[in-house]
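Tertiary structure, described
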Amino acid sequence: MAIQWFPGHMHLTQKAIGERIKNIDVVIELLDARLPGSSANPLLAQLTAGKPSLKVLNKQDLADPARTTEWLAHYNGLPGTRALALDASVATPAKALVKACFELAPNRGGMVKPMRVLICGIPNVGKSTLINTLTGKRAAKTGDEAGITKLEQRISLADDFYLYDTPGVLWPRIIVARSGYNLAASGAIGRNAFNEEEVALELLDYLKTHYATQLEARYKLSAASALSDEELLDAIGRQRGALQGGKRVNLQKAAEIVIYDFRAAAIGRVTLETPQEFARWLAEGQKLDAKRQIKKDAIELDRQIRFKKIPRPPKPASE
Ligand SMILES: Nc1nc2c(ncn2[C@@H]2O[C@H](COP(=O)(O)OP(=O)(O)OP(=O)(O)O)[C@@H](O)[C@H]2O)c(=O)[nH]1
Ligand SMILES: [Mg+2]
């Protein structure tokens, strides 16, 4: 089943960003380097259109370095887009962002025209951590769970440099099914909004194809790619002692282990999508969504006709 998560505070944040953006000089959108395509919020792109912006592939310490290079090349090749990769908790590279902001908005700076930077992105991607690293203080609350920041917060980096921390936002309908799974695996979706077993099976399906060696090493398996996803989850549960009633594998426990290990990079540095894969998934998602919309419109038209709200349209003339 497709994963969706859009609690009330996200709706409010979306509105708040729409208001705030008028007085913002640079937008920093944090992406998760393990799922850059899936973690890019299409709503934010609309809300922040026209503002100088910087994409930061965060958590690069957990991602596959070769794929991070590919994603950076992809984004830096797009018109008007600049991207760099970071580990939000490491100070020196994070400070490069300050310089990048002045390059993007060179007319800002000084007490009369302070630099105003909005930091946005999906839940749990590291926005507040980045702000704390930049300020060198625990100015913003952080935590390893989606939805820690609930309200916008302004933090001064200097007298003429403000950072706005925002609550993580997703979008009302995730049309790429794989994005839903990848977002859940990364920790961007509230823990009650997805089924761990389903997410772990999807994760294993990808890992056995693209990161089989790492998977086999972590769980002492052989020929992981020859196993079905279910067999793989079962074998991992057995290997890790996630058993119930003596011999049966506790699949829920096994799924939690797989997700936990992925989040901690215990399976290795893994990235769940390449620019080409994501472009394909997006095109498929859009096609399915268009079909779904046509069906929905037809049902709505039929409903209106049945309740005699509008006349039935004439049949097309036969040739
Ligand atoms: N390994 C690693 N962990 C990170 C990085 N950046 C943040 N984290 C961790 O990710 C978790 C979420 O960080 P936050 O800064 O609270 O994320 P946020 O984007 O503010 O989240 P919300 O406020 O819930 O939207 C914390 O456990 C951080 O320690 C990074 O670059 N690498
Ligand atoms: Mg936060």
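Definitions and limits used
Residues numbered from 1 in each chain as written. Chains lettered and ligands numbered in written order. Predicted model: local features only at pLDDT ≥ 70, side-chain atom pairs only at ≥ 80, totals over all residues. Helix = DSSP H or I, 4+ residues; strand = E, 2+ residues; numbered from the N terminus. Buried ≥ 20, exposed ≤ 12 C-beta atoms within 10 Å, placed from the backbone. Contact = placed C-beta atoms within 7 Å. Right-handed = clockwise from strand over helix to strand, strands pointing away. Pairing = 2+ DSSP bridges. Near = placed C-beta within 6 Å. Nonpolar A, V, L, I, M, F, W, Y, C, P; charged D, E, K, R; others polar. Core = buried A, V, L, I, M, F, W, Y, C linked by C-beta atoms within 7 Å. Domains from an automatic or database assignment. Axes fitted to C-alpha atoms, helices over the stretch in contact; angles between N-to-C directions. Parallel < 35°, antiparallel > 145°, perpendicular 65-115°, else oblique. Left-handed = near helix turned anticlockwise from the far one by under 90°. Expected span 1.5 Å × (residues − 1). Arc of directions from axis to C-beta.

When its secondary structure is counted, the protein shows eleven helices and eight strands. Along the three orthogonal principal directions, the C-alpha set of the protein runs to about 65 × 65 × 35 Å. Expressed as a percentage of the 319 residues in the protein, the buried residues total 38%. Sequence-distant contacts, at least 24 apart, represent 68% of the contacts inside the protein between residues at least 6 apart.

Okay, the pairing of strand β2 (residues 53-58) next. Counting buried positions over the six residues of β2 gives six, a clear majority of the element. Traced from strand β1 (residues 26-32) through helix α2 (residues 42-47) to β2, the parallel crossover comes out right-handed. Of the strand pairs in this sheet, β2 and strand β3 (residues 82-85) are connected by four bridges, and their pairing is parallel. Counted as the bridge partner of V56 is L84 from β3. Between the parallel elements β2 and β3, the chain passes through helix α3 (residues 65-76) in a crossover that is right-handed.

Further remarks concern the environment of H74. Secondary-structure assignment places H74 in helix α3. On the neighbour-count criterion, H74 (18 C-beta atoms within 10 Å) is partly exposed. Once the C-alpha coordinates of H74 and E216 are considered, the two residues, 142 residues apart in sequence, prove to be 31 Å apart.

On to the site of ligand 1. Taken together, the neighbourhood of ligand 1 is formed by 24 residues, with G126, S128, T129, T149 and G168 sitting nearest. Grouping the amino acids of the shell around ligand 1 by side-chain chemistry returns seven nonpolar, twelve polar and five charged.

Counting 73 residues, the largest nonpolar core has I28, V117, I119, L203 and V258 as its most contacted members. Broken down by element, the residue count for this core peaks at six residues, all from helix α10 (residues 251-263). A domain split of this core shows at least three residues from each of domain 1 (8-165) and domain 2 (195-263). If we ignore the near neighbours within four places in the chain, the residues touching I119 are I28, L30, K127, L130, I131, L163, Y164, D165 and T166.

By domain assignment, the protein separates into domain 1 (8-165) and domain 2 (195-263). Computed over C-alpha atoms only, the centres of domain 1 and domain 2 are separated by 34 Å.

Moving on: the packing of helix α7 (residues 196-210) against α10. The interhelical angle for the contact between α7 and α10, taken along N-to-C directions, is 55°, at an axis separation of 8 Å. Looking at the two axes, α7 sits oblique to α10. Relative to α10, α7 is oriented so that their crossing is left-handed. Contacts between α7 and α10 involve E196, E197, V199, A200, L203 and L204 from the former and L251, Q252, A255, E256, V258, I259 and F262 from the latter. Its residues placed into classes, the contact of α7 with α10 shows nine nonpolar, one polar and three charged.

When you tally the buried positions in strand β4 (residues 115-121), you get six out of seven residues, the bulk of the element. Alignment of β1 against β4, held across five bridges, turns out to be parallel. The residue of β4 that forms the bridge with V26 is V117. Relative to strand β6 (residues 161-165), β4 is paired through five bridges, and the arrangement is parallel.

What follows concerns the sheet that holds β2. Spatially, β3-β2-β1-β4-β6-β5 is the arrangement adopted by the six strands of the open sheet, whose pairing is mixed. Looking along the sheet, the strands with just one partner apiece sit at the ends: β3 and β5 (153-158). Strand after strand, the sheet turns through a mean of 25° between neighbouring axes, direction not considered. Strand direction decides the pairing type here: β1 and β2, joined by six bridges, are parallel. Counted as the bridge partner of L30 is V56 from β2. Strands in contact with helix α4 (residues 91-104) are β1, β2 and β4; relative to β1, the strand with the most contacts, it is inclined by about 135°. Its contacts with the sheet put helix α5 (residues 127-135) on β1, β2, β4, β5 and β6, and the angle it makes with β6 is roughly 155°.

Between its terminal C-alpha atoms α4 stretches 21 Å, which fits the 20 Å expected from 14 residues at 1.5 Å a residue. Buried within α4 are the following residues: A94, L97 and C101. In a view along the axis of α4, the buried residues occupy a sector of 35°, so they form one face of it. Of the exposed residues in α4, those oriented more than 90 degrees away from the buried face are T92, A96, K99 and E103. Packing partners of the buried residues in α4 comprise β1, β4 and α5.

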